[in-house]
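Now for the letters of each chain:
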Amino acid sequence: MLARDEALAVVLAILVALAVTMLAVLAGAFAEMPEAGQGAVREPSCSEWTDGCIVCARTPQGLACSTPGIACVRQAPRCLKP
């Protein structure tokens, strides 16, 4: 049977491994996130578009984009509002 210190060491090792894995996943997700408007429909007549993950719109204040959902699947950008 493991001593108390050994059990604590095993639990900490597991927690560190999980933390490193989560950071790697998040870093990959943020690396794939486009900047606001990147990959957007380049037509000046399109005022709102989506790629299946984010929705971007031209506003008087500038470009406004939503944040992607956790399980989004990117597609080709398409215009929602001409």
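As the structure is a computational prediction, the values presented were derived from the model and not from experiment.

This part covers the pairing of strand S3 (residues 62-65). The pairing of strand S2 (residues 55-59) with S3 spans four bridges and is antiparallel. By the bridge assignment, Ala-57 is partnered in S3 with Ala-64. Counting the residues between successive antiparallel strands, the hairpin from S2 to S3 contains two residues.

Strand order in the open sheet made by the four strands is S3-S2-S1-S4, with antiparallel pairing throughout. The open sheet has two edge strands with one neighbour each: S3 and strand S4 (78-81). Within the sheet, the average angular offset between the axes of one strand and its neighbour, ignoring direction, is 25°. As paired elements, strand S1 (residues 48-50) and S4 share three bridges and run antiparallel to each other. Across the sheet, the residue bridging to Thr-50 is Arg-78, located in S4.

Cut-offs and rules
- Residues numbered from 1 in each chain as written.
- Predicted model: local features only at pLDDT ≥ 70, side-chain atom pairs only at ≥ 80, totals over all residues.
- Heavy atoms only, no water.
- Pairing = 2+ DSSP bridges.
- Helix = DSSP H or I, 4+ residues; strand = E, 2+ residues; numbered from the N terminus.
- Axes fitted to C-alpha atoms, helices over the stretch in contact; angles between N-to-C directions.

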